[in-house]
Amino acid sequence: MAKVLEGLYYSESHEYVRVEGNIGYVGITDYAQNALGNIVYVDMPEEDDEVSAGEEFGAVESVKAASDLISPVSGTVVEVNSALDDEPELLNKNPYENWIIKVELSDNSELEKLMDAKAYTACCDNA
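Residues numbered from 1 in each chain as written. Predicted model: local features only at pLDDT ≥ 70, side-chain atom pairs only at ≥ 80, totals over all residues. Heavy atoms only, no water.

Asker: Before we move on, can you summarise the side chain of Glu-110 with the specific residues and values?
Answerer: You can see Glu-110 is positioned in the loop between β9 (101-105) and α4 (117-125). Not counting the four nearest positions on each side in its chain, Glu-110 is found in contact with Ala-53, Val-73 and Ser-74. (Helix = DSSP H or I, 4+ residues; strand = E, 2+ residues; numbered from the N terminus. Contact = heavy atoms within 4.5 Å.)

Asker: Report on a negative patch on the surface, specifying residues and quantitative values.
Answerer: A cluster of acidic residues, Asp-43, Glu-55, Glu-56, Glu-61 and Asp-68, forms a negative patch at the surface. Of note, Glu-61 is situated in strand β6 (residues 56-62). (Patch = residues over 30% accessible without salt bridge, like charges linked within 9 Å, V, L, I, M, F, W, Y side chains within 5 Å. Areas by Shrake-Rupley, 256 points an atom, 1.4 Å probe, with all protein chains shown as cover. Salt bridge = Lys/Arg side-chain N within 4 Å of Asp/Glu carboxyl O. Lys, Arg positive; Asp, Glu negative; His and termini not counted. Charge placed at Lys NZ, Arg CZ, Asp CG, Glu CD.)

Asker: Break down a nonpolar patch on the surface for me, citing the residues and quoting the values.
Answerer: Taken together, Val-40, Tyr-41 and Val-63 make up a surface patch of nonpolar side chains, about 290 Å² in accessible area. Its place among the elements puts Tyr-41 in strand β4 (residues 39-43). The exposure class assigned to Tyr-41 is partly exposed, which follows from its relative accessible area of 41%. (Buried < 20%, exposed > 50% of the residue type's maximum accessible area, 1.4 Å probe, protein only.)

Asker: Would you mind going over the environment of Asn-98 in detail, with residue names and values included?
Answerer: Locating Asn-98 in the fold gives a position in the loop between α3 (90-93) and β9. With 72 residues separating them along the chain, Asn-98 and Val-26 place their C-alpha atoms 9.2 Å apart. Among all residues touching Asn-98, those that are not within four sequence positions of it are Tyr-16, Asn-81, Leu-90 and Leu-91. For Asn-98, the side chain forms a polar contact with the main-chain oxygen of Leu-90, separated by 3.1 Å. (Polar contact = N/O pair within 3.5 Å; in protein donor to acceptor, adjacent residues only side chain to side chain.)

Asker: Can you explain the sheet that holds strand β7 (residues 66-70)? Please cite residues and give values.
Answerer: A sheet is described by the order of its strands in space; here 3 strands give the open sequence β4-β6-β7, paired in antiparallel fashion. On the outer flanks of this sheet lie β4 and β7, each paired with one strand and no other. Across the sheet, the axes of successive neighbouring strands diverge by a mean angle of 20 degrees, strand direction being ignored. One ladder, built from 5 bridges, connects β6 with β7; its direction is antiparallel. Following the sheet pairing, Val-60 is matched in β7 by Ser-67. (Pairing = 2+ DSSP bridges. Axes fitted to C-alpha atoms, helices over the stretch in contact; angles between N-to-C directions.)

Asker: If you had to explain the nonpolar core to someone new, which residues and values would you point to?
Answerer: In this structure, Ile-28, Val-73, Ile-100 and Ile-101 are the most contacted members of the largest nonpolar core, which totals 24 residues. Breaking this core down by element, the ones donating at least two residues are β3 (23-28), α1 (30-36), β4, β6, β8 (75-80), α3 and β9. Counting residues per element, this core draws most heavily on β9, which supplies 3 residues. Every residue in contact with Ile-100, bar those within four places of it in the chain, is listed here: Val-26, Gly-27, Ile-28, Val-42, Met-44, Phe-57, Leu-69, Val-80, Asn-81, Leu-84 and Leu-91. Membership of the second largest hydrophobic core comes to 10 residues, among which are Tyr-10, Tyr-16, Met-115 and Cys-124. (Core = buried A, V, L, I, M, F, W, Y, C linked by side-chain atoms within 4.5 Å.)

By themselves, these figures tell us nothing about what the structure is for.
Dropping the structure here:
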């Protein structure tokens, strides 16, 4: 069973966002990293790039497959997790600690469209 943390917002495409003030930390879920297997590369946007909810912002490649990253929120990228350039496998070790991008949120109401931990667990159970 994949680990699902309380207090995060989850998308159907298996990204999460942890919100602190007006900043969202976006990453992939434990379910996603389990499905992908050993992650070998993370394609990330640049700082100051705009991301839009429901739109692709990068990709994760594993030994098994490549998967697009779909942003759960809209806003401006204020930081990318540069540690993933050298150690993409950090996403396998702890995907919730190792976020991919940090976004200044432009529309907090988008969070209402995402799932809480209970709904996301049900989504994974039905997959």
